[in-house]
Structure formats: C-alpha cells, structure tokens
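Take a look at the letters that make up each chain.
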Amino acid sequence: MLAQTTVLLVGLIIVVGTAVLVGPTMFYHGLIEAGHADAATGLVHLDEVFRSVSLTALTIGGLPALFIAGLLSFYIYRTIGRSLASFSTAAGQVADGNYDVEVTSAKLGPEFDSLAASFNDMAARLAAVDTTRRQLLADLAHEMRTPLASLKGHLEGIEDGVVEWDERTAGILDAQIARMERLARDIRQLTAAEEATARLQLTLQDPDVLASQSVAAIESTAAAKNISVRTMSAGPLETPVLLDRERMGQVLGNLLENAIGHTPPGGTITVHTENAPEAVTITVTDTGEGISPKHLQHIFERFYRAHTGREARRAGSGLGLAISKSLVEAQGGTLEASSDGFGRGASFYIRLPRTTRKE
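So, about the overall build of the chain. A count of helices and strands for the chain gives ten helices and seven strands. In the chain, buried positions account for 33% of the 359 residues. Pairs at least 24 apart in sequence give 71% of the contacts found in the chain among residues at least 6 apart. Of the accessible surface of the chain, which amounts to about 21,600 Å², a share of 59% is contributed by carbon and sulfur atoms.

And the structure:
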C-alpha cells in the first residue's frame, strides 16, 4: 500500500511540475519555432493564467484520483492482510495439532481460492491421518488384549497347577500365539501396501492367467469345505495389463480367502474377468453370508468386522480388505464391494485401467 501510494504521489508531483513549470515555457518556444514570434511575445503575460488553469485542472482531477487510489489500496491491503492472517492463524493451529480448521475464501481470485481449498484439504487429510493413527493404536491394543489375556491366564493356571499341560492346553496356547503372529504379519503387510507405490515391480501380465493361478492356489481349501470355485472370462482379447504380479496375486488371494471364510458348504465362488478396451475388471463373487448396507461402507476400514464374538475371531484380523484396497490403489486401480444384503452373497470388483504407468 505504501509503495503504491508513493508511486501515485510522485507521479502527481511530476505531472504538476511539468504542467506548471515546464508547460508554459514549452508552449512559448513552440510558438516561436512555428513562426508566431509576435503572438508568443503577446502571450507572455498569460503564463500565470496558464499555470493557474493547469494547476486547478490537475487538482480537480488528481486529488480525487489519489484519494480513490488510496482507498482502493487500503481496501486491498486490509483484505489481503485479513486473508493472510487467517492462513497464519490456521497454520499455527495445525502446527499445534488442531486439524479441525477451515480457511474461508477471501474472494481475491482463483489463486487465493485454490490456496484456501488446498489448505483446507491438507488439514482434512491430516485430521484423517491422525484419526486413523489413533484408531489403529486403539484397535491394535484391543486386538492384542484378548490373546495376551488368554496366554497369561493359561500360563498362570499351569504355574498354579490349576490347568494341566496337555494337548488341549498346548493347542490353545499355539492358537493364541498364531493369532498374534498373524496380526503382526497383517500389520506389516498393511504398512508395506500403503508404501507400495515406490516399490512396485510393474510388468505386463495377463489377468486371466493371474486369476486362474489364484483360484488354483485355494482350490484344495475350498474343496475341503465343499465350496466350488470357478473362473470366467468375457470381452474381446486385449493386451496384458501393467501391474505388480506378486501384489495383485496377494489381493486376489485375500479376496478368495475372505470369500471362503464367509461362504457355507455347498456354496460357489466365481472369479470373473471382464476385458474392455479401457480397463480390466476382475470380480470375485460368492454365494455366502452377504453384507448388510450398514456394514458395506466400512468393510475396507482397518480392523473393521461386520460380526463380533466367535464369528469375528473366525473372520481374521480385519486387515485383509484394507491391505487389498491399498495394494490395488497403489497400482492405479480401484477396489469396490457390493451386496444385496445379508444372506445374499457379496461381490468385490478390481478395476485396472489399461494405461501405461510412468516410472
């Protein structure tokens, strides 16, 4: 504001000085050079009048312009100052760990609007990360409490002679240790999945072959539960898809294990590959328990289970779907789920675009 006001004042002084001091002399010499020396001599006494008129005109036009420019400069200064102050205050709150802040747009143009939107999005993402971190720690403590309590209780019982060391007790202890090992393994896999973007080994792979190999790996488990697993393919023959073979196999393995765990004996699991020019969609569909609408929107959250108690223990650590979603998104795809309701089966859709990923 001070710089702009200084420029206006200097400009006005130069204009006034030129019009009042230099203008009459230039006018006089101009007449002489044009051959009107007699007229120039007769106009010498009009210098004061010329100066007076010029100064009056400049005063009438210049001072209001300077006043208006000053007001506009002050308005812009105040508007930008308030906006920057709100950004500074919000940034300080975020630095203090308060992510529930929002910067309103100062209406200063698309650049400031974009800045405000980016800041609010950053704060929202930080809040989501912080909430997820807190929830992860709380869920992890809750998940570890049960097997640790079981181990502690049985070990104290053995020491006190209340519990006998037999095959049943050994089986219980082994099961609880296996549960904790599985939890630790799933957490490592989840961390690796969320950081997988930098370590992906992308190669061109045939999705039909990948689906068939994943089904072959779990056929014996499915057969033991009297569950039939089949593969299907539709659409025109297209080029292979750029993906990480090992991680996508892990995703299909997680989805198939999840389907087996929720499909009763006599059920069917279908892996359907839909080839389209723009993308490949691999769908894992089962005829099992299904998912109610209130649980469907949460199934990809960490440690989330649609069931509690004994069914929850049977379902696993609750990290498999979260791991699968992170792995698919790291490869540029999407993972979604649908179900017509409890008891009507569920479907999981992996969509992989046929775009070349830049290294």
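Now that the structure has been shown, we can carry on.
The next point concerns helix α6 (residues 207-224). Compared with the 26 Å implied by 1.5 Å per residue over 18 residues, the 26 Å span of α6 between its first and last C-alpha is a close match. The axis of α6 is deflected most strongly, by about 45°, at I218. For α6, the complete set of buried residues consists of P207, L210, A211, S214, V215, I218 and A222. In this structure, the buried side of α6 is in contact with β1 (202-205), β2 (228-234), β3 (241-244), α7 (245-261), β4 (268-275) and β5 (279-286). Here α6 starts with a cap whose side-chain oxygen sits 3.0 Å from the backbone nitrogen of D208, and that cap is D206.

Okay, the side chain of S324 next. Within the secondary structure layout, S324 lies in helix α10 (residues 320-330). Since its relative accessible area comes to 0%, S324 is described here as buried. A distance of 3.3 Å separates polar atoms of two side chains, one belonging to S324 and the other to N254. Setting aside chain neighbours within four positions, we find S324 in contact with V251, N254 and L335.

The five strands are arranged β2-β4-β5-β7-β6 in an open sheet whose pairing can be described as mixed. The open sheet has two free edges, formed respectively by β2 and β6 (334-338), since each of these has just one partner strand. Strand-to-strand, the axes of this sheet are offset by a mean angle of 15°, without reference to chain direction. Across eight bridges, the pairing between β5 and strand β7 (residues 346-353) is antiparallel. Along β7, the bridge assignment pairs A279 with P353.

This paragraph deals with α7. Structurally, the α-helix is built with 3.6 residues per turn, so residues lying three or four positions apart point the same way. Here α7 spans 24 Å end to end across 17 residues, near enough to the 24 Å set by a 1.5 Å rise per residue. Looking only at α7, the buried set comprises R247, M248, V251, L252, G253, N254, L255, L256, A259 and I260. For α7, the N-terminal capping position is held by D244, with its side-chain oxygen 3.1 Å away from the main-chain nitrogen of E246.

Reading the values: rules and limits
- Residues numbered from 1 in each chain as written.
- Predicted model: local features only at pLDDT ≥ 70, side-chain atom pairs only at ≥ 80, totals over all residues.
- Heavy atoms only, no water.
- Helix = DSSP H or I, 4+ residues; strand = E, 2+ residues; numbered from the N terminus.
- Buried < 20%, exposed > 50% of the residue type's maximum accessible area, 1.4 Å probe, protein only.
- Contact = heavy atoms within 4.5 Å.
- Areas by Shrake-Rupley, 256 points an atom, 1.4 Å probe, with all protein chains shown as cover.
- Expected span 1.5 Å × (residues − 1).
- Bend = angle between axes of the 7 residues up to and from the residue.
- Polar contact = N/O pair within 3.5 Å; in protein donor to acceptor, adjacent residues only side chain to side chain.
- Pairing = 2+ DSSP bridges.
- Axes fitted to C-alpha atoms, helices over the stretch in contact; angles between N-to-C directions.

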